[in-house]
Amino acid sequence: MKKTTLAIVILAAVAAPCVAAAEPPLPSFLPAYYAPAFRSGGEALTLVGQGETNGVTQYVYSTTDEGLALSVENIQGDKPKCDAVFNNILGYLNQLITSNKGAFVEITATDACAEVVATNAVQTIFTFILPSSVQIWTFSQAPTDRGHLTADFKTIRKWANRQRYEEALQAGNVSMGHWQECIHDYAKDLLGYGRKDDALVVLKNLLATAPFDYEAHLLLVENAPSSASASNSAKTVFKNAEDQDQVLKAAHFMGIEPRSIDTFPPLATNEAGLQVILIPLAPCNPWLLDEVAKVFDRITEVPVKVRRLNEAWSWGTPERIFRQRDIQGILVRLARQNIDFTGWTGDQYVQALTDAVKSEDALFRYWVRDLVEQVKKEPGQYFVDPYLDRLCATLKRCRSADNRTMYVGITEENIYSGDNNYVFSRGRTDHESPASIMSYHMMLSKTLHETYDSRQRLVERIAKELVPASLKQLGIPRSTDPTCPYSYSSGVDRLDQKTLTLSGEVKEALNKLRDPTTGELGSGN
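Anyway, here's the lowdown on the structure attached to this text.

Calculation criteria
- Residues numbered from 1 in each chain as written.
- Predicted model: local features only at pLDDT ≥ 70, side-chain atom pairs only at ≥ 80, totals over all residues.
- Heavy atoms only, no water.
- Helix = DSSP H or I, 4+ residues; strand = E, 2+ residues; numbered from the N terminus.
- Buried < 20%, exposed > 50% of the residue type's maximum accessible area, 1.4 Å probe, protein only.
- Contact = heavy atoms within 4.5 Å.
- Areas by Shrake-Rupley, 256 points an atom, 1.4 Å probe, with all protein chains shown as cover.
- Lys, Arg positive; Asp, Glu negative; His and termini not counted.
- Charge placed at Lys NZ, Arg CZ, Asp CG, Glu CD.
- Expected span 1.5 Å × (residues − 1).
- Polar contact = N/O pair within 3.5 Å; in protein donor to acceptor, adjacent residues only side chain to side chain.
- Phe/Tyr/Trp six-rings, centres within 6.5 Å; stacked < 30°, edge-to-face > 60°.

Digging into the overall build of the protein chain
Consideration 1: When helices and strands are tallied, the protein chain shows 18 helices and 16 strands.
Consideration 2: When its C-alpha atoms are laid out on the principal axes, the protein chain stretches across 100 × 60 × 40 Å.
Consideration 3: Counting the 525 residues in the protein chain, one finds 50% classified as buried.
Consideration 4: Restricting to contacts in the protein chain with at least 6 residues of sequence separation, those with at least 24 account for 64%.
Consideration 5: For the protein chain, the exposed surface amounts to about 24,600 Å²; the carbon and sulfur share of it is 50%.
Consideration 6: Once the 54 positive and 63 negative side-chain charges of the protein chain are each reduced to a mean point, those two points are 3 Å apart.

Now the structure itself:
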């Protein structure tokens, strides 16, 4: 749809005047549960016109005093068309807001809320993608009446989610899977209304097509604890979820003792032999570590012991804020010149971002505002080198003279070294106290915005990256086979390319080290 058409969609003239009624007829494309949106202060809105132009069906309503007008429009189409219409609407609103006043309030993959402030009117516009259509709700008021709507964005979105569920259920599994997040929200709304039985039906239908929705599994567990479905859901979460809190809830339901770093044995002195001592550094998900140890053993035939430090581990203040490198790039592009960011604080970055986008268009201002909110709540990134020095110094007091025993600290914190965006691991290979610190932060599905969690995928990623984090301490040269887990990986794509099978030369090097009389190899890289 062209933007010129969208101007007609949102600001269309009334096509056919209608007679006012006590209860106005709803738009033909809306189910009856939208009815509360067509009342204002106990008064039913009056239908003042309806029509169809260029494939857009429109109904226009007004209060008796004409202080509020509501236009509801519907555009039918398949998914590609609906996505294109939605993006065109965002583009049109961006132009409208930028040339007047206002702002985008919220934008998701399926919904948008915006306010346009003109000289003599304020328009509040809600847009929703549904399985086979796009809805546009436009409330128009005088500036003095601003904000008095018949229904707010969140309320209408709840009805839209119900409609999405009903249409997706009728369309089949593919549609149910596509609308998983909206259907999940609809189930939560039903629980909030006290309609538990209805919510459980929705959850069961959802999980049949989105079995990876572990929060939905836990909702079923919490609201139908005596059912066989609840037991199966708890087992599913316990086995498959990446998130520590989700696993803990499932474990509690199943009567399994909770895990924490403190449940692992402490570091012992004089460990010897070809082995890895894996040391959780909080924050670290303890449920992952035994599984990682098994996969690593399968890859290398080298045993892994999980041991905790005898003293508490703490991280200081992050040296980088969330997405600092991206933010620096944005600021340099907007300034059109290089900027020296040395010594900048988080507050300076936030203020610089806020100031830099004041003259930009409305969409860009929205995305930067959203980024600023993430900066305020998301954890930062740590320069790992001094923490590695501290770990090496701690281990020096307890390690034996057998350097075949490898020590690796593991954490969920995001780490970097030098000028890198991030590193999976950083190590020391000196003979006095070699060790590494590795992070799985950049392997998590939530960090990578992947479609679904997979603990098996995460565990295999960690186990594969544990190979270089440990074997480099033995001085084994890196493999040049890209499928070998001991080959270099510059990011998650490369990490996923690697298999669980060592190359022949790495296996041979490890086999030599299984005999303590063999001696040491050369320097790794």
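Having seen the structure, we can now continue with the description.
Overview of helix H13 (residues 362-377)
Because each turn of an α-helix spans 3.6 residues, side chains separated by three or four positions in sequence point in the same direction.
Consideration 1: The end-to-end C-alpha distance of H13, which contains 16 residues, comes to 23 Å, matching closely the 22 Å that a straight helix rising 1.5 Å per residue would cover.
Consideration 2: Of all the residues in H13, the buried ones are Ala362, Leu363, Tyr366, Val368, Leu371, Val372 and Val375.
Consideration 3: The elements touched by buried residues of H13 are helix H2 (79-99), strand E6 (101-107), helix H11 (324-335) and helix H12 (346-356).
Consideration 4: Its side-chain oxygen at 3.2 Å from the backbone nitrogen of leucine 363, aspartate 361 defines the N-terminal cap of H13.

A short note on the packing of aromatic side chains
Consideration 1: Summed over the entire model, instances satisfying the criterion amount to 23 aromatic pairs.
Consideration 2: With a centroid separation of 5.8 Å and an interplanar angle of 65°, the aromatic rings of tyrosine 34 and tryptophan 159 are classed as edge-to-face. Here the residue tyrosine 34 occupies a position in the loop between helix H1 (3-11) and strand E1 (39-40), and tryptophan 159 occupies one in helix H3 (residues 153-171), the gap between them amounting to 125 residues.
Consideration 3: For tyrosine 34, a relative accessible area of 0% gives the class buried.
Consideration 4: Ring centres of phenylalanine 126 and phenylalanine 153 lie 5.2 Å apart, and the angle between their planes is 55°; on these two criteria the pair is classed as tilted. Here phenylalanine 153 lies in helix H3 and phenylalanine 126 lies in strand E8 (residues 122-130), a separation of 27 residues in the sequence.
Consideration 5: Assessed through its relative accessible area of 2%, phenylalanine 126 is described here as buried.

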